[in-house]
Each structure stands twice: as structure tokens, then as C-alpha cells.
Amino acid sequence: MAQLVRDEGVVLAREDHMETDLIATALTKNHGKLRILAKAARRLTSPSGAVLDVANRVELIYYRRRELPLLREASLMRGFLRMREGPARLEAALRGLAWARDILPEGQPEPRAYHLVLSFLQTLEGGSSPDKVLLSFVLHLLSLLGYGPHLEGCVVCGATEELTWSMERGGLICRGCGGEGEALAPDFWRYLLAFQRLPVWAAGRIAMKEEDFQRAWALLQEFLSYQLGR
């Protein structure tokens, strides 16, 4: 007999299934990332379709079974409405949740990740710079899961001068320890370290040039692809 479970979670993604069903991917507080089947949720008469919108915080009651968990009931806890009013904030939220969906393991409790996601959405709703909040969130998420880049000086000797970026070595490495390529400016990696260390809600205090933002994103995406073998 299928077990009935009650939990809360944040909807990370949703996809159509069959004619009227949908599958919601949620990061739950007590059971980690789950894909839950919501039968007939795309019918106009179903309340679950709107409740299971991406970035909603929801209460879930579902049946745990061998196949996909089957939703019995979903209710809205928080919709982060002010966050949705600004296109830049909403885009940052969707990008951050997509990272969480792709990186987090399925079915493993990750309470710290859950609270990090909530802090991320709450900070975006509060009006902080979306780009800064997103960068901070991704660095925190990577570090929490053990994928974070080493940003506290050279990964080998701890030196803080002539640092370069190495995906293979896990972050910063100085030329004396075999670092190759263009040296990173001290301000660049120190700001990146600040984003990794300070709480997400404090990200708006960090000053970083737009071109440095773009470079940071490129480095992070390449780094993660290498670390996860994707």
C-alpha cells in the first residue's frame, strides 16, 4: 500500500505529461528533490495547476510508491508575488532554480539547500540586485554540495598573487604551482570570494563590474561542466 506523505517544498520546474497531467519537480524540506505526478492538473477545473507554478512555496500531500510519487493535494504557502513583478528578478529566480534542479541529487534530504533556496527567493523579492543575488546563490549552492571552486588563494600553496583559473585543479592556482593562462586581477577573485562567503541576502553590498559578472558566469559554467563530467 502506498504511503501518504506530507511535506513542504519549492517548485523548481514543471513539465506536461500525457493529455492533462503534469510532473512537478520540487525541492522538499524533508525528502530532497522529487518529481511528483499531478493527475489532471492541467485541466481548468484543477486547483493544482496554478499552485504548482515554478518558484511557488507549497505544501504537498502525496503518495510515495514505486513509480513517481502521486500528488493527492497541493496548497500554496507563498507565491513571492513582488518578485514576479520585475522581469529581471523573475528571470534570475528561474535561472537559479534551474541550477538547483540540475545539480541537486534526487531523493536525498537537503535541508540546507532548501533553506538556501528560500533565502534566494526572499532576497530577490526584497529588491536586491538580481545578478548579484543569483551569482551568490549559485556559489553557495555549489559549495554546499561539495562542488564549489577554491577561491581562497592558490589551491596548492595558498599564494594570493599571480593567480589563474584551473577547472582541473578545482579553482585558483598560482603560476608557481603550474597555473597557466591569463592571470586574474586581485579585485576579480576577491569579489568572487565575497559572493561565496557572505550570505545571499548581503550580495547587494558587493560592487562588481558588469564585464566581471559575465566572466564569472562563464568560468562557473565551464567549471561545473568539467566537475560533473557534462
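Up top is the structure.
Residues numbered from 1 in each chain as written. Predicted model: local features only at pLDDT ≥ 70, side-chain atom pairs only at ≥ 80, totals over all residues. Heavy atoms only, no water.

A. Structural context of the packing of helix 3 (residues 87–103) against helix 5 (residues 130–144). Close contact between helix 3 and helix 5 brings their axes to 9 Å; oriented N to C, the two are set at 10°. Judged by the inter-axis angle, helix 3 sits roughly parallel to helix 5. Contacts between helix 3 and helix 5 pair Ala-88, Arg-89, Ala-92, Arg-95, Gly-96, Trp-99, Ala-100 and Ile-103 from the former with Pro-130, Leu-134, Phe-137, Val-138, Leu-141 and Leu-142 from the latter. (Axes fitted to C-alpha atoms, helices over the stretch in contact; angles between N-to-C directions. Helix = DSSP H or I, 4+ residues; strand = E, 2+ residues; numbered from the N terminus. Parallel < 35°, antiparallel > 145°, perpendicular 65-115°, else oblique. Contact = heavy atoms within 4.5 Å.)

B. Fine view of helix 5. An ideal rise of 1.5 Å per residue puts 21 Å on 15 residues; helix 5 measures up with 21 Å between its terminal C-alpha atoms. Within helix 5, twelve of the 15 residues are buried, which leaves the element mostly enclosed by the surrounding structure. If you check which residues of helix 5 are buried, you get Pro-130, Lys-132, Val-133, Leu-134, Leu-135, Ser-136, Phe-137, Val-138, Leu-139, His-140, Leu-141 and Leu-142. Next to the buried residues of helix 5 lie helix 3, helix 4 (111–125), helix 6 (186–197) and helix 7 (210–228). Two residues or fewer past helix 5, Gly-146 is found with a positive phi of approximately 85°. (Expected span 1.5 Å × (residues − 1). Buried < 20%, exposed > 50% of the residue type's maximum accessible area, 1.4 Å probe, protein only.)

C. Quick look at the nonpolar core. By size, the foremost hydrophobic cluster in this structure holds 55 residues, and its most contacted members are Leu-121, Leu-135 and Leu-141. Looking at this core, the elements with two or more residues in it are strand 1 (3–17), helix 3, helix 4, helix 5, strand 6 (163–166), strand 7 (171–174), helix 6 and helix 7. Look past the residues within four positions of Leu-135 in its chain and what remains in contact with it is Leu-192, Phe-195, Met-208, Phe-213, Ala-216, Trp-217 and Leu-220. (Core = buried A, V, L, I, M, F, W, Y, C linked by side-chain atoms within 4.5 Å.)

D. Region of interest: a negative patch on the surface. Residues Glu-91, Asp-131, Glu-210 and Glu-211 make up a contiguous surface patch of negative charge. Here Glu-211 is to be found in helix 7. (Patch = residues over 30% accessible without salt bridge, like charges linked within 9 Å, V, L, I, M, F, W, Y side chains within 5 Å. Areas by Shrake-Rupley, 256 points an atom, 1.4 Å probe, with all protein chains shown as cover. Salt bridge = Lys/Arg side-chain N within 4 Å of Asp/Glu carboxyl O. Lys, Arg positive; Asp, Glu negative; His and termini not counted. Charge placed at Lys NZ, Arg CZ, Asp CG, Glu CD.)

E. Looking closely at the pattern of salt bridges. By the definition in use, this model includes nine salt bridges. Between Arg-35 and Glu-15 there is a salt bridge, and its shortest N-O distance comes to 3.3 Å. Note that Arg-35 is positioned in strand 3 (residues 32–38) and Glu-15 in strand 1, a separation of 20 residues in sequence. Its salt-bridge partner being Arg-78, residue Glu-125 comes within 2.5 Å of it at the nearest N-O pair. Here the residue Glu-125 occupies a position in helix 4, and Arg-78 occupies one in strand 5 (residues 70–78), the gap between them amounting to 47 residues. Judged by relative accessible area, which is 7%, Glu-125 ranks as buried. With a relative accessible area of 29%, Arg-78 lands in the partly exposed category.

By themselves, these observations are geometric and do not establish any function.
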